[in-house]
Every structure is written in C-alpha cells, then in structure tokens.
Amino acid sequence: MTKNPKKQTAADRVRMVLADEIVRGVIGPGVPLDEASIAERFEVSRTPVREAIRQLEAIGFAEARPHRGAVVPHFTPEKLNEIFLVMAELEALCARLAAEFATSADKDALQKVHLACRDAAHEGDIGRYYELNIKFHETIYAIGHNGFLAEVTIGVRNRVAPFRRAQFQSLGRLVRSVEEHEAVVSAILAGDAEKAAATMRDHLGYVRTSVDKVAPALGA
C-alpha cells in the first residue's frame, strides 16, 4: 500500500532547504536563485542545484526568467487560500471514497500508518512525522480506489508540500495533527463517508491556519 521512502538525493536536499527558507521568508520574494552561489553553499555541483530549482519551478516556488535564471515568487494569502481550498476538497473526496470502498486489508494499512504517525509525533520527530504524514494521506488516496483522483490530488499536494512541512514547526502541531488524523481514520473505519469527508476538510483547514504561524512571508 505504501512505499519505502526513497534515498534523498543532493537535489532533494537543496530543494527542501530552499523551499523551507522561502516559506519562512529567509529568502524573500524577488531574490535570484543563483546556481553558482547555491552550489558553493551546499558544496555540490551545479547539476543538482539546477535540478532543485527546476523542481521548485514545477511547484510554483521559483519563477524562471529568460536568460537571467530563476527568482523567488511572491506568495499572497489569497493565492494560498485558493490552493488550499482545492486541496481540502480533493482530500475530502479521497476520504469519502476511502470510507465507501476500503477493504479490510486497506483499513489495516491505514491504521498501521496512523499508529506510526502517532509514535513519531509523541517522540517529537518532525522529519519522520513529515514522511509518515505523506504516507498517511497517500494511503487514503489509494484505498479510495480511484487512480485518477489520487494522481490529481498528489499533484496539488506537491504545490503546497513545503508549507505543509513548515507547519510542523508550530508548537504542539504534531500532536494536534495526529488527533485530526484520528477523527478521519475513525470515520473511514466506520464506513461513514460524510463524516470522513467533513473531518478531512476540517483537517486541511487547520493545516492552512497553522501555516500562517510559521510563514511570515504570507503576512499582508
């Protein structure tokens, strides 16, 4: 149901650090993403830096400029609200279908990853929780048995992934996230499609609120 996490590449490492710094406002809007200086900072060649910037462009965290390289875009609360609105509805539909169509084996898989998330949260391991959180949500996408919906949802999720990762820096967020997951899991295990959708939608609403606490770049 879920895959083992792939080994992190140099490009992944550069992308994740840069994305986190963009979210937190360390790298502000309009700042050029200079390949040479980034390569020197991370002690890598320009090839993984170029790939990292390409990946940032793919999720809207960098804007390409012809013959001048990429720059950091300007994120607004309104723009992020639009993305999270779509994200919440897609995830709610995934949860609804999971409640309707999950098999016993599917439910066991969901419960297993949920418990793993809970353990990571109680240990305060943000990195592990983030990876398991991805597995948790992707398990729900999968057990709804609608491949196209899962594909679309993952695509939108990738657009807000750095913001979703950053929210876990907020005090107490890991434990609250697990509590929100528990409500979703309970509804899916009970086969309550309406409640599964509602609790997932609520969860994404809490995620959006948590982002504001760690992302000063979104201030008015």
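See above for the structure.
Residues numbered from 1 in each chain as written. Predicted model: local features only at pLDDT ≥ 70, side-chain atom pairs only at ≥ 80, totals over all residues. Heavy atoms only, no water.

### Structural notes on the packing of helix α1 (residues 10-23) against helix α3 (residues 46-58)
- Two elements in contact, α1 and α3, have axes separated by 8 Å at closest approach and are oriented at 50°. As judged from the angle between their axes, α1 and α3 are oblique. Remark: the crossing between α1 and α3 carries right-handed chirality. Mapping the contact onto sequence places Ala10, Ala11, Asp12, Val14, Arg15, Leu18 and Ala19 in α1 and Pro48, Glu51, Ala52, Gln55 and Leu56 in α3. (Axes fitted to C-alpha atoms, helices over the stretch in contact; angles between N-to-C directions. Helix = DSSP H or I, 4+ residues; strand = E, 2+ residues; numbered from the N terminus. Parallel < 35°, antiparallel > 145°, perpendicular 65-115°, else oblique. Left-handed = near helix turned anticlockwise from the far one by under 90°. Contact = heavy atoms within 4.5 Å.)

### With respect to the environment of alanine 58
- Mapped onto the elements, alanine 58 comes out in helix α3.
- Sequence separation between alanine 58 and asparagine 158 is 100 residues, and the spatial gap between their C-alpha atoms is 9.0 Å.

### Focus on helix α8 (residues 173-190)
- For α8, with 18 residues, the first-to-last C-alpha span of 26 Å sits near the 26 Å given by 1.5 Å per residue.
- Elements that come into contact with the buried residues of α8 comprise α4 (77-101), α5 (104-123), α6 (126-143) and α9 (193-214).
- Two residues or fewer after α8 comes glycine 191, characterised by a positive phi angle close to 75°. (Expected span 1.5 Å × (residues − 1).)

### Focus: the sheet that holds strand β3 (residues 69-71)
- With antiparallel pairing, three strands are arranged side by side in an open sheet as β1-β3-β2. Unpaired on one side and paired on the other, β1 (32-33) and β2 (63-65) mark the two borders of the sheet.
- In this sheet, β3 lies alongside β2 in antiparallel orientation, the contact comprising three bridges. Along β3, the bridge assignment pairs glutamate 63 with valine 71. (Pairing = 2+ DSSP bridges.)

### Looking at unusual backbone geometry
- If you check the backbone angles, glutamate 43 has positive phi at about 60° while not being a glycine.
- Looking at where glutamate 43 falls in the secondary structure, it is placed in the loop between α2 (35-42) and α3.
- With a phi angle near 55°, histidine 145 is a residue other than glycine that sits in the positive phi range.
- With respect to the helices and strands, histidine 145 occurs in the loop between α6 and α7 (147-166).

These figures come from the coordinates and say nothing about function on their own.
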